Each structure stands twice: as structure tokens, then as C-alpha cells.
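Residue-level listing of the chains:
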Amino acid sequence: MLHRRTVGDVMTEEVITLRPDTPVQQVAALLDANDIVAAPVVDADGVPVGVVSASDVLRHETGMPDPQGQDGNDERAWGKAQARTAGALMSSPVFTARADWTIPRAARELRRRHVKQLPVVGDDGLLTGIVSRSDLLDAFIRSDAEIRGEAEQDVLGRILGLDEGTVVVEVRDGVVTLRGHVPDPRLVPVVVGLCQGLDGVVAVDAHLAAARAG
């Protein structure tokens, strides 16, 4: 099987964390010093209980529910604006990811939850890392040479066992073009599907035919 990169492959393992009783001023200092947009809040056991973002800090600093002064009737937002600790400022419940999730699954979860990063937890619920949008994007940004090599060596060679040169692979800007012959017409959609599944592939343009019996 192809090795599909997972959240565990791209996540950051050394995570800046906060405690519920961390003072807001210290929260702001930690976010700024580490150049991060958010940090998970963990309890005494290391279980994520919330997330504090730079936007939360900005709401607090302005003394308004949000930086533009909207949502003025939102009681919870006003509570955050008056918070003194990370526990009062954080967003909760916290949405988490697992290290064995695929990159597309994590990307869908980020989009569905409208967040920029997800704390990653193990089977015991303890924090093991954090994955951000940029981490996931990096997984898809691969050189054409890397994609071509994986298509030739793993898909055509190791998995399908085709002779070298049977199918010529060209890759340009993530678009894979396949030209050549396969021993069985039923292999055409298989080759295309496997190549489409490679990280970094934008599209597959197949010009494949079944080899005539000699």
C-alpha cells in the first residue's frame, strides 16, 4: 500500500500550552513571544479543555466582544472581554484531531469547525501535538520530481509490477500525465486512481491503452 502522510507526520510535537489559571497578560506574552495565533489550554493531566486565540486576547484588550465592537448582546462574548485567566477567555469545548487521521480528513475538520489549528490527542485523551492549516498545506506542496518518482517507483513498479518504461510519467505543476500501455484494460482506472491518491497530485491526464496480445 502507498504510504499516505498522516497528521502525526506533519504535526508540531512541541506545543506551547496554557493552564486554566494562566493570567491573560501572560497568555498574550506567550502568543507574541512564540509567534503563534492560538494555544491549547490543558488541565493538570494534560488533557485539552479549550483553546485561546489571538482574537480572544484582542477582544479582551479592547474590552469589547470583538475587535469591531459587534455582537454586543452576546453575554459569553462580553464575559470573555472581561476575563482574567485563560480558562475564562478560552473557547470550549475544544475540537481535537488524532495522529492517525489522513491529511484530507484533518483539512475537512478544520474547514467544518472554522478553526485554523487542532490539538492532537492520543488514545488517553492527552495532548500529543498540534496541527495547523499551514502544516496540512505543506503536505500537498511537493515537487514534480517527487510526485513522478513516487508514481513510477511505488504505483507502477512496486504495486502494479509493470515493467519500466511501459507507462511514461510526466508531471507538471502537480498534473500527472500518463502515456503507454497496460496489460489489462481494467488496470487503467486502477493506475489513475492510485496516482490521484498521491499527495500533491492536482489531476491525472491518462492516455493509456491495453497492450495487444503478442
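This section reports on the structure supplied with the text. Only a predicted model underlies this, so the values are computations on that prediction, with no experimental measurement involved.

Calculation criteria
- Throughout this document, residue positions are counted from 1 along each chain, in the order its sequence is written.
- Totals for whole chains, interfaces and linings use all residues, but because this is a predicted model, local features are given only for residues with pLDDT of at least 70 and pairs of side-chain atoms are given and counted only at 80 or more.
- As a convention, hydrogens and water are excluded, and side-chain values are obtained from all of the structure's heavy atoms.
- Site definitions follow a grid-based scheme: protein atoms alone, a 1 Å grid, a 1.4 Å probe that fits but cannot get out for cavities, and for pockets an open set with protein on both sides within 12 Å along at least five of seven lines, plus lining residues having an atom within 4 Å of a point.
- Grid points are joined across faces, edges and corners, and a volume is the space filled by probe spheres set on the points.
- In this text, helices come from DSSP runs of H or I with a minimum length of four residues, and strands from runs of E with a minimum of two, each type numbered from the N-terminal end.
- Here the axes come from fitting lines to C-alpha atoms, over the contacting stretch only for helices, and the angles between their N-to-C directions go from 0 to 180 degrees.
- Crossings are sorted by hand: turned counterclockwise from the far helix by less than a right angle, the near helix makes the crossing left-handed, and turned clockwise it makes it right-handed.
- Note on contacts: a residue pair is in contact if any heavy atoms of the two residues lie within 4.5 Å.
- Residues are grouped as follows: Ala, Val, Leu, Ile, Met, Phe, Trp, Tyr, Cys and Pro are nonpolar; Asp, Glu, Lys and Arg are charged; all remaining types, including Gly, are polar.
- Each angle is binned into one of four classes, with values under 35 degrees roughly parallel, values over 145 roughly antiparallel, values of 65 to 115 roughly perpendicular, and all other values oblique.
- Take a side-chain nitrogen of Lys or Arg and a carboxyl oxygen of Asp or Glu: if they are within 4 Å of each other, that pair is a salt bridge.
- With a 1.4 Å probe rolled over the protein chains alone, any residue whose accessible area is under 20% of its type maximum counts as buried; one over 50% counts as exposed, and the rest are partly exposed.

Some remarks on the layout of surface pockets
Using a probe with the size of a water molecule, rolled over the atoms, empty space left in the structure can be pinpointed.
Next, step 1: Considered as a void within the structure, the largest pocket measures approximately 550 Å³ in volume.
Next, step 2: Along the walls of the largest pocket sit 23 residues, with Val51, Ser53, His114, Val115 and Lys116 positioned nearest its centre.
Next, step 3: Looking at the lining of the largest pocket, the elements that each hand over two or more residues are strand S1 (38-42), strand S2 (48-53), helix H3 (54-62) and strand S4 (117-121).
Next, step 4: In terms of residue count, the dominant contributor to the lining of the largest pocket is H3 (four residues).
Next, step 5: What the second largest pocket holds in volume is close to 260 Å³.

Details of the packing of helix H6 (residues 103-113) against helix H7 (residues 133-140)
Next, step 1: Where H6 meets H7, the axes come as close as 10 Å, and the angle between the chain directions of the two elements is 145 degrees. As H6 runs across H7, the sense of the crossing is left-handed. Between H6, through Ile103, Pro104, Ala106, Ala107 and Leu110, and H7, the contact on the second element is made entirely by Arg133, Leu136, Ala139 and Phe140.
Next, step 2: When the residues that make up the contact of H6 with H7 are grouped by side-chain class, the tally is eight nonpolar, no polar and one charged.

With respect to the packing of helix H8 (residues 144-159) against helix H9 (residues 187-196)
Next, step 1: Viewed as axis vectors pointing N to C, H8 and H9 meet at an angle of 140 degrees, and their least axial separation amounts to 11 Å. The orientation of H8 relative to H9 falls into the category oblique. Where H8 crosses over H9, the two elements pack in a sense that is right-handed. Touching Ala151, Val155, Leu156 and Ile159 of H8 are Val191, Leu194 and Cys195, all from H9.

Concerning the pattern of salt bridges
Next, step 1: Within the structure shown, the criterion is met by nine salt bridges.
Next, step 2: Residue glutamate 150 pairs with arginine 142 through a salt bridge whose shortest N-O separation is 2.8 Å. The same class applies to glutamate 150 as to arginine 142, namely buried.
Next, step 3: Notably, a salt bridge pairs glutamate 170 with arginine 179, separated by 3.1 Å at the nearest N-O pair.
Next, step 4: On the basis of relative accessibility, which here comes to 42%, the residue glutamate 170 falls in the partly exposed class.
Next, step 5: When its relative accessible area of 40% is taken as the criterion, arginine 179 is described as partly exposed.

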